Amino acid sequence: MVKDIRDIKFFYELIKLAIPVKETDLSYEEQMRLNQVRGRYDHTYSFNCAKICFIYENTPYVIPYTEEIRDILFHEKFKQRNYDVPFAEKGFPSSYQDSWSEYLKQSYMMYYLKFSEETRQMYEGLRLTADLNVLTGRAIVIPIDGIPYEGENGFDRLYPLYFYHDINFEEKIGRFNQNGDTVAFVYKDGNTYLCKGKGSVKKLEEAGYRRQEKFEIPNFNQDRILDIQIMDLWRSIPEIR
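Quick summary incoming for the structure in this document. (Residues numbered from 1 in each chain as written. Predicted model: local features only at pLDDT ≥ 70, side-chain atom pairs only at ≥ 80, totals over all residues. Heavy atoms only, no water.)

### What to know about the sheet that holds strand β7 (residues 147-151)
Here's step 1: Taken together, the 3 strands give an open sheet; going across it, the order is β8-β7-β13, and neighbouring strands pair in antiparallel fashion. On the outer flanks of this sheet lie β8 (154-158) and β13 (224-225), each paired with one strand and no other.
Here's step 2: For β7 and β13, the ladder comprises 2 bridges, and the chain directions are antiparallel. Bridge pairing in β13 places E150 opposite R224. (Pairing = 2+ DSSP bridges. Helix = DSSP H or I, 4+ residues; strand = E, 2+ residues; numbered from the N terminus.)

Here it is in structure tokens:
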């Protein structure tokens, strides 16, 4: 039996691994919204934030997004619709917490490998004018499963830029964003790096990078990183002035 979402090739394998959505894992408002689409949108799917929800025989299922899963649903004549995807931005199916965590890592790795290869190819045509080793040497890589942190709106997680499916592929390459002294940029290896200091913005702009406002990042001078190892790494890197 297939146990890795990277090995799913057919719908019967997908339906065995996908997680049925239980109302007890959702807020009352989420339950109401899902119940509104359950009967109306059978044999449809929707995806958001690297998660995909599909409704089959009036049962909603959720699983981390991969292009292969989307293609299987398309081949099975599922129609794409726009409705809320459970656990898209927060939460998890409590009865399947371990499976959910493992599926997320598998889907992120699939997307990262594709993204990093295409990034290397596209970087050759960007004509970036400066070597950014000075930045990558004073930066940390955002891991595949993100950086958990606490901000003014509560707990959240910062993912690499390749994670955000609402931003087009071409809008991720050679891009950066800034919040206070926290700066994030995508390098030619496909990774998203975090560095400190407004001097890094100057170096990125000199290299031909453009700002990506859709990629919202926290200000880690104010927001608290909750992973101790990542927090220690962040504190250890010097500010670029």
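### A word on the side chain of D223
Here's step 1: Within the secondary structure layout, D223 lies in the loop between β12 (210-211) and β13.
Here's step 2: One buried charged residue, D223, forms no salt bridge at all, with the nearest opposite charge on R224 at 9.2 Å.
Here's step 3: Setting aside residues no more than four positions away along its own chain, D223 makes contact with Y149, E150, G151, E152 and P218. (Buried < 20%, exposed > 50% of the residue type's maximum accessible area, 1.4 Å probe, protein only. Lys, Arg positive; Asp, Glu negative; His and termini not counted. Salt bridge = Lys/Arg side-chain N within 4 Å of Asp/Glu carboxyl O. Contact = heavy atoms within 4.5 Å.)

### A word on the layout of surface pockets
Here's step 1: Approximately 1400 Å³ is the volume found for the largest pocket.
Here's step 2: Lining the largest pocket we find 39 residues, and of these E89, Y149, D156, R157 and L158 sit closest to its centre.
Here's step 3: With 6 residues, the single largest contributor to the lining of the largest pocket is helix α4 (residues 97-123).
Here's step 4: Here the residues of the lining of the largest pocket sort into 18 nonpolar, 9 polar and 12 charged.
Here's step 5: Around the second largest pocket sit 18 residues that line it, and E30, R33, D84, V85 and P86 are the ones nearest its centre.
Here's step 6: At the level of elements, α2 (28-38) and β2 (44-48) are the ones that each hand at least two residues to the lining of the second largest pocket.
Here's step 7: Per-element tally for the lining of the second largest pocket: the top contributor is α2, with 5 residues.
Here's step 8: Here the residues of the lining of the second largest pocket sort into 9 nonpolar, 4 polar and 5 charged. (1 Å grid on protein atoms, 1.4 Å probe; cavity = no way out; pocket = protein on both sides within 12 Å on 5 of 7 lines; lining within 4 Å. Points joined across faces, edges and corners; volume = space filled by probe spheres on them. Nonpolar A, V, L, I, M, F, W, Y, C, P; charged D, E, K, R; others polar.)

### Quick look at α2
Here's step 1: Taken together, the buried positions of α2 are Q31, L34 and V37. The arc enclosing the buried residues of α2, seen along the axis, measures out at 135°, which places them on a common side. Residues Y28 and Q36 are exposed on α2 and point more than 90 degrees away from its buried face.
Here's step 2: Of the surrounding secondary structure, the elements contacted by the buried residues of α2 are β3 (51-56) and β4 (59-64). (Arc of directions from axis to C-beta.)

Any functional reading would require information that these geometric values do not contain.
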